[in-house]
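Close look at the chain arrangement
Given next are the chains, with one letter for each unit.
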Protein chains: 4
Amino acid sequence: MSTGRPLLIVAGIGNASGTGAATARAFAKGGYRVALIARNTEHLNRLVEEISGAGGEAAAFPIPEYSYTATGDVFDKIISHAWPGGGSTELRVALWNVDVNVFGSFLNVTEKDIQSSLEVHVTAGFAFSRKVILAFKENELDSAGSRGTLLFTGATASIRGNVFTSAFAAGKHGIRALSQSLAKEFGKENIHVAHTIIDGSILTDLSLSRRGDAAEAWKANPDLRLGAESIAKSYLYLVQQDRSAWTWELDLRPAHEKWWSRGIATGAPLSAV
Amino acid sequence: MSTGRPLLIVAGIGNASGTGAATARAFAKGGYRVALIARNTEHLNRLVEEISGAGGEAAAFPIPEYSYTATGDVFDKIISHAWPGGGSTELRVALWNVDVNVFGSFLNVTEKDIQSSLEVHVTAGFAFSRKVILAFKENELDSAGSRGTLLFTGATASIRGNVFTSAFAAGKHGIRALSQSLAKEFGKENIHVAHTIIDGSILTDLSLSRRGDAAEAWKANPDLRLGAESIAKSYLYLVQQDRSAWTWELDLRPAHEKWWSRGIATGAPLSAV
Amino acid sequence: MSTGRPLLIVAGIGNASGTGAATARAFAKGGYRVALIARNTEHLNRLVEEISGAGGEAAAFPIPEYSYTATGDVFDKIISHAWPGGGSTELRVALWNVDVNVFGSFLNVTEKDIQSSLEVHVTAGFAFSRKVILAFKENELDSAGSRGTLLFTGATASIRGNVFTSAFAAGKHGIRALSQSLAKEFGKENIHVAHTIIDGSILTDLSLSRRGDAAEAWKANPDLRLGAESIAKSYLYLVQQDRSAWTWELDLRPAHEKWWSRGIATGAPLSAV
Amino acid sequence: MSTGRPLLIVAGIGNASGTGAATARAFAKGGYRVALIARNTEHLNRLVEEISGAGGEAAAFPIPEYSYTATGDVFDKIISHAWPGGGSTELRVALWNVDVNVFGSFLNVTEKDIQSSLEVHVTAGFAFSRKVILAFKENELDSAGSRGTLLFTGATASIRGNVFTSAFAAGKHGIRALSQSLAKEFGKENIHVAHTIIDGSILTDLSLSRRGDAAEAWKANPDLRLGAESIAKSYLYLVQQDRSAWTWELDLRPAHEKWWSRGIATGAPLSAV
């Protein structure tokens, strides 16, 4: 067994109010060093300060863009990072949590929209996964029989194309396919790969800002929106699963959600249910 | 190659305004003898007369109930039927098109509802399939390389459980599973098994009667409802597929349908698409 | 908030070496009273003694058969049971873990096989679910925002019909459909319904006995078979999820598993991948 | 109703021994003008000659690469093409049949491999679809109630990521997502979008060359491999469906196929079926 400090890498922090940041906080609290990747340096630094202030170890790794090369480069920086806390570090968990906002009617989707969705969600995700898998292969098995866990945050659009989501869904479907390929290929090497279907709205600064007058009521009611900390708990659980019972995919939605991903819950005529 | 007249058996004729009857008409027109199974003798006889009047060969086989035994019995009667037209007959196509109306809120589902859904959709479907498979195994390959085609009419509820459909969906899921098991086991013996997902409302006397004032407009607009003859055409197509490219499952819905089976098309908030 | 002791009901204990028993042990350790339903009284009593000996509270409820009526009756007995430990009891978690061994080539499936698979997996599951939902509706929300969690143990055959599984898959598909219907209908009342896909072999006395000379090596290698305790941990996790992020379905398989449920991992020719 | 000659565009002809060429031949025989897009001018010209020689109308449109821009450009050339036969032409059917050979173990997948899979399968598919949809919107409804049919050739990898297919599956999943988004958004405008899952090996020069000594036996046995003409027939059928019953997706496999896409048919241990 290794004696190094476990390391979590999170790619996709946004403004630090969503899933990526919540996962970083949860794992930092659990003793992980956390390396944060995002495009916005200010948001990154704020989250690093917050986690450090709470007694955790975190470091910021800004990325200019989610290209194949830049993603590989930032990964290498993380691996060679000298953590102030000293001692050795071992990558044990990596989360690909990157999203691009490319919604809209198909005829409004531009060349740049679809290229961006594919490059950021999928191509950069391939670069990230390659580095992560190669690092995991160097690890010994941990006490649960794993060399490491690679996590992907998916969405309703990972399993459904829909009106307004053509470009987004193409990217999310593509990266989900990768997650399944990796789970099948590297499970045999005791590398755990998992994918979550977030089938509802996550409470973030952005999603809140869209609600207008309804924002406070929506925020206050966990039956209606996903809490990022709750998603983070599912990641903690997935990492703790022992090798005899690994999950590749699970769905997550608020108690009162309308089940966009698997057929609407209400409103369908009796004749079409 | 056989020189017998090809026979189609349809189980589930309703009042002769839906899929079963349309399929019988289409295959009769295509030169098949058609054996019709249903609970209502009057409806059966009316359809037999109609098909005979149009120059086809049809015979009615009333069934007291869709139990395992009664289904096997009626099948045996069909096989030993002496067709007035004479000559030999060979079962080549069979359609399991039986449905039970057991919709409603879960807490209103009775013991009888769920038992009825399972017995009619699934148990009787096993009895029917067994007889059909055994008969097909005696056939020579036809010119398309098939010993026979066993068809199942499915619904949105074949792939989605939903509010109001717990009992119905349990039965429809169960018989879909059978269709897949059979396709895998008997494809290797050149028996073709296919299942359709009807993902919308079919225009029938019953569905029309539920529409009230909107009935005529709905009936007149094929963008909004499935025509039973159009479903029958899909069965003709499936039967004609040659052995190098067989379909197990296809979905069917009107052009303007809302896609109940695979996530609603409109109305979902941007944040949950 | 209630002050009663939480109760777990498990239906389907087998010989106490599998998922049902492991779940009972895990929840008993977590402070739940556990009510055990199975057909074999001896196995039930042995498990009750074991749990009691370890400081837990358990009670045995033999059932003569998994019919609709018998399932409802045994449930009522559990609810009116006077626990020696005294105080009030509140049903908070229920697990439907019943399986019928009805494997084999389709033409060997008897009327009794399919009826048994449907009655035990589905009809009795409807009776169980009805009682559970009605009991949960009386509960207050717990600290995670739930009135209770209803769990179903599924299998590869819950989502794939296959050669040798026609009768088994029909039942498992049917009960999975119920779990989805219930999740959609009762999520809105803060009742959590979840379904697991066990996509591999669980280490039990029975599965071990089938391995012959390979049994010890297989037992010793958690990369190859699911541990029942690991499945139980997934149930603990599902129960602990808060209402903002509930899972309906997750899959579980050993690290080196071949992914029966979602297309085989190896062996497919390049031309068909 | 229009009086123009109907036009089929096929993108992806390969060496004219597969699905694209067979579809072109079938529709040419059915009275369509066919515009063929591929990278290899020689293969294109040979197919044009063959179709012309058989009395059809075909024209070759070489494309330097399947980029967004080049795909749009070649489409514009097709639309402005002066057909020797004269008269007006109306785009009625378009087939996206492009594939990139990027198979292999994940760690051997290069940046170029994944970028190529995404650009060719998905980005160019977005460019193609955009032009097609815009052209279809100008059409009147035909006698079946359609303004046009947009077809996509999918594969097992469209719905399963797998060992050796990470890059291929990412592209095929992405374009399948597009096909579903388009079907949902433009069904309402009477534009039919359909996607096929080819779940087995198609008999082509390439697939044949890989079989070595087994090639002739495999070629001779339609139970084992898909015939491209049979796939073409499914496209003819999809185009003929009337608007009351449109299929989005169907699967196609040889009679004796092992069902890669939906769980293997044989070989699974009883305990994991």
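Residues numbered from 1 in each chain as written. Chains lettered and ligands numbered in written order. Predicted model: local features only at pLDDT ≥ 70, side-chain atom pairs only at ≥ 80, totals over all residues. Heavy atoms only, no water.

Chain A is annotated in an unreviewed UniProt entry as NAD-P-binding protein from Lentinus brumalis.

A separate point is the overall build of chain A. From N to C terminus, chain A includes eight helices and seven strands. Taking 273 residues into account, the globule formula puts the C-alpha radius of gyration at 19 Å, and chain A, at 19 Å, falls close to it. Dimensions of chain A, computed from C-alpha atoms along their principal axes, come out at roughly 60 × 40 × 40 Å. Per-residue burial for chain A yields a buried fraction of 66% across its 273 residues. A fraction of 74% describes how many contacts in chain A between residues 6 or more apart in sequence connect residues 24 or more apart. Surface accessibility of chain A: about 9100 Å² in total, with carbon and sulfur atoms responsible for 50%. (Helix = DSSP H or I, 4+ residues; strand = E, 2+ residues; numbered from the N terminus. Rg over C-alpha atoms; globule rule 2.2 N^0.38 Å. Buried < 20%, exposed > 50% of the residue type's maximum accessible area, 1.4 Å probe, protein only. Contact = heavy atoms within 4.5 Å. Areas by Shrake-Rupley, 256 points an atom, 1.4 Å probe, with all protein chains shown as cover.)

Attention shifts here to the side chain of C:Thr23. Residue and element names in this part refer to chain C. Looking at where threonine 23 falls in the secondary structure, it is placed in helix H1 (residues 19-29). Since its relative accessible area comes to 0%, threonine 23 is described here as buried. Among the polar contacts listed, one links the side chain of threonine 23 to the backbone oxygen of threonine 19, at a separation of 2.7 Å. Here threonine 23 is in contact with Leu8, Leu95, Ala232 and Tyr235, once residues within four sequence places are set aside. (Polar contact = N/O pair within 3.5 Å; in protein donor to acceptor, adjacent residues only side chain to side chain.)

Glancing now at the packing of helix H1 (residues 19-29) of chain D against helix H8 (residues 228-240) of chain D. If you want to describe how two helices pack, look at the angle between their axes and the distance between the axes. Residue and element names in this part refer to chain D. With their axes 8 Å apart at the nearest point, H1 and H8 run at an angle of 55° to one another. Here H8 runs oblique to H1, going by the angle between their axes. The crossing of H1 and H8 is right-handed. Of the residues in H8, those in contact with Thr19, Ala22, Thr23, Ala26 and Phe27 of H1 are Ala228, Glu229, Ile231, Ala232, Tyr235, Leu236 and Val239. Here the contact of H1 with H8 is built from residues that sort into nine nonpolar, two polar and one charged. (Axes fitted to C-alpha atoms, helices over the stretch in contact; angles between N-to-C directions. Parallel < 35°, antiparallel > 145°, perpendicular 65-115°, else oblique. Left-handed = near helix turned anticlockwise from the far one by under 90°. Nonpolar A, V, L, I, M, F, W, Y, C, P; charged D, E, K, R; others polar.)

Contact with chain B, which involves 37 residues of that partner, is made by 37 residues of chain D. When the area that chain B buries against chain D is broken down by residue, the three leading residues are B:Lys184, B:Tyr237 and B:Ser244, summing to 19%. Taken together, the links from chain B to chain D amount to two salt bridges. A salt bridge links D:Arg243 to B:Asp223, with the shortest nitrogen-to-oxygen separation between them at 3.1 Å. For the side of chain B that touches chain D, the secondary-structure elements that each account for two or more residues are helix H5 (166-186), helix H8 (228-240) and strand E7 (249-252) of chain B. (Buried area = accessible area lost by both parts, 1.4 Å probe. Salt bridge = Lys/Arg side-chain N within 4 Å of Asp/Glu carboxyl O.)

Once that is clear, we can look at the confidence of the model for chain A. Residues and elements named next belong to chain A. For chain A, per-residue confidence averages 93 on the pLDDT scale, and residues scoring 70 or more make up 94% of the total. Note that residues 264-273 has pLDDT below 50 and, in this model, 30 contacts with residues that lie over four places away or in other chains. The ipTM, which scores confidence in the relative placement of chains, is 0.94 for this predicted complex, and the corresponding pTM is 0.95. (pLDDT = per-residue confidence, 0-100.)

With that out of the way, let us pick up unusual backbone geometry. Residue and element names in this part refer to chain C. Positive phi, normally seen in glycine, also occurs at asparagine 190, with a value near 65°. Tracing the chain through its elements places asparagine 190 in the loop between helix H5 (166-186) and strand E6 (191-198). Judged by its relative accessible area of 4%, asparagine 190 is buried.

Let us look at the relation of the copies chain A and chain D. Superposition record for chain A on chain D: RMSD 0.0 Å, screw rotation 180°, translation along axis 0.0 Å. This pairing of chains is accounted for by a two-fold axis. (Least-squares fit on C-alpha atoms with pLDDT ≥ 70 in both.)

Moving on, we come to the relation of the copies chain B and chain D. For the pair chain B and chain D, the relating rotation is 180°, the translation along its axis is 0.0 Å, and the fit reaches an RMSD of 0.0 Å. Comparing interface residues between copies, 100% of those in chain B also lie at the interface in chain D; the contact surface is shared.

Contacts between the two partners involve 42 residues from chain A, matched on the other side by 42 residues from chain D. Both faces combined, the contact of chain A with chain D buries some 3300 Å², and carbon together with sulfur accounts for 65% of it. A per-residue breakdown of the area chain A buries against chain D is headed by A:Phe106, A:Leu107 and A:Phe126, which together make up 21% of the total. Counting across the chain A and chain D interface gives zero salt bridges. Applying the counting rule to chain A against chain D returns 12 residue pairs in polar contact (both at pLDDT 80 or more). The set of elements that each furnish at least two residues to the side of chain A that touches chain D consists of helix H3 (68-79), helix H4 (111-137) and helix H5 (166-186) of chain A. Within the side of chain A that touches chain D, the residues separate by chemical class into 20 nonpolar, 15 polar and seven charged.

Further remarks concern the packing of aromatic side chains. Counted according to the given criterion, the structure contains 30 aromatic pairs over all chains. Here D:Phe27 and D:Tyr32 contribute two aromatic rings whose centre-to-centre distance is 4.9 Å and whose plane-to-plane angle is 80°, an arrangement assigned as edge-to-face. Exposure remark for D:Phe27: the relative accessible area of 0% places this residue in the buried category. Owing to a relative accessible area of 15%, D:Tyr32 belongs among the buried residues under this scheme. Ring geometry for D:Tyr66 versus D:Trp96: centroids 5.8 Å apart, planes at 85°, classification edge-to-face. In this pair, D:Tyr66 is assigned in the loop between strand E3 (57-62) and helix H3 (68-79) and D:Trp96 in strand E4 (residues 89-96), connecting sequence segments 30 residues apart. A relative accessible area of 4% means that D:Tyr66 is categorised as buried. Residue class for D:Trp96 comes out buried when judged on its relative accessible area of 3%. A connected cluster of aromatic rings, assembled from ring pairs, spans A:Tyr66, A:Phe75, A:Trp96 and A:Phe128. (Phe/Tyr/Trp six-rings, centres within 6.5 Å; stacked < 30°, edge-to-face > 60°.)

Bringing the pairing of strand E2 (residues 33-38) of chain A into the picture now. The side chains of a regular strand alternate, residue by residue, between the two faces of the sheet. Residue and element names in this part refer to chain A. The buried fraction of E2 is high, at six of six residues. Of the two faces of E2, the one carrying Arg33, Ala35 and Ile37 and the one carrying Val34, Leu36 and Ala38 are both buried. Handedness of the crossover joining strand E1 (residues 5-11) and E2 through helix H1 (residues 19-29) is recorded here as right-handed. Relative to strand E3 (residues 57-62), E2 runs parallel, the two sharing six bridges. Among the inter-strand pairings, isoleucine 37 is bridged to a residue of E3, identified as phenylalanine 61. A crossover connection joins E2 to the parallel E3 through helix H2 (residues 41-53); in handedness this β-α-β unit is right-handed. (Right-handed = clockwise from strand over helix to strand, strands pointing away. Pairing = 2+ DSSP bridges.)

This brings us to the side chain of A:Asn97. All names here are of chain A. Its location among the elements puts asparagine 97 in the loop between strand E4 (89-96) and H4. Of the residues examined, asparagine 97 reaches a relative accessible area of 13% and is grouped as buried. There is a polar contact of 2.9 Å between the side chain of asparagine 97 and the backbone oxygen of glycine 12. Of the polar contacts made by the side chain of asparagine 97, one reaches the side chain of threonine 153; its length is 2.8 Å. Beyond its immediate chain neighbours, meaning those up to four positions away, asparagine 97 contacts Ala11, Gly12, Thr19, Gly20 and Thr153.

Our focus in this paragraph is the nonpolar core. If you look at the biggest cluster of nonpolar residues, it comprises 107 residues, and the most contacted ones within it are A:Ile37, A:Phe126, A:Leu150, D:Ile37, D:Phe126 and D:Leu150. If we skip the residues at most four places from it in the chain, A:Phe126 touches A:Tyr68, A:Leu178, D:Phe106, D:Val109, D:Ile114, D:Ser166, D:Ala167 and D:Ala170. Counting 106 residues, the second-largest nonpolar core is a separate cluster that includes B:Leu178, C:Val109, C:Ile114 and C:Phe168. (Core = buried A, V, L, I, M, F, W, Y, C linked by side-chain atoms within 4.5 Å.)

Here we come to H1(C). Residues and elements named next belong to chain C. Of all 11 residues in H1, eight are buried; the element is thus mostly enclosed. Along H1, the residues classified as buried are Thr19, Gly20, Ala21, Ala22, Thr23, Ala24, Phe27 and Ala28. Buried residues belonging to H1 abut strand E1 (5-11), strand E2 (33-38), helix H2 (41-53), strand E4 (89-96), strand E5 (148-155) and helix H8 (228-240). Backbone geometry just after H1 places glycine 31 at a positive phi near 100°.

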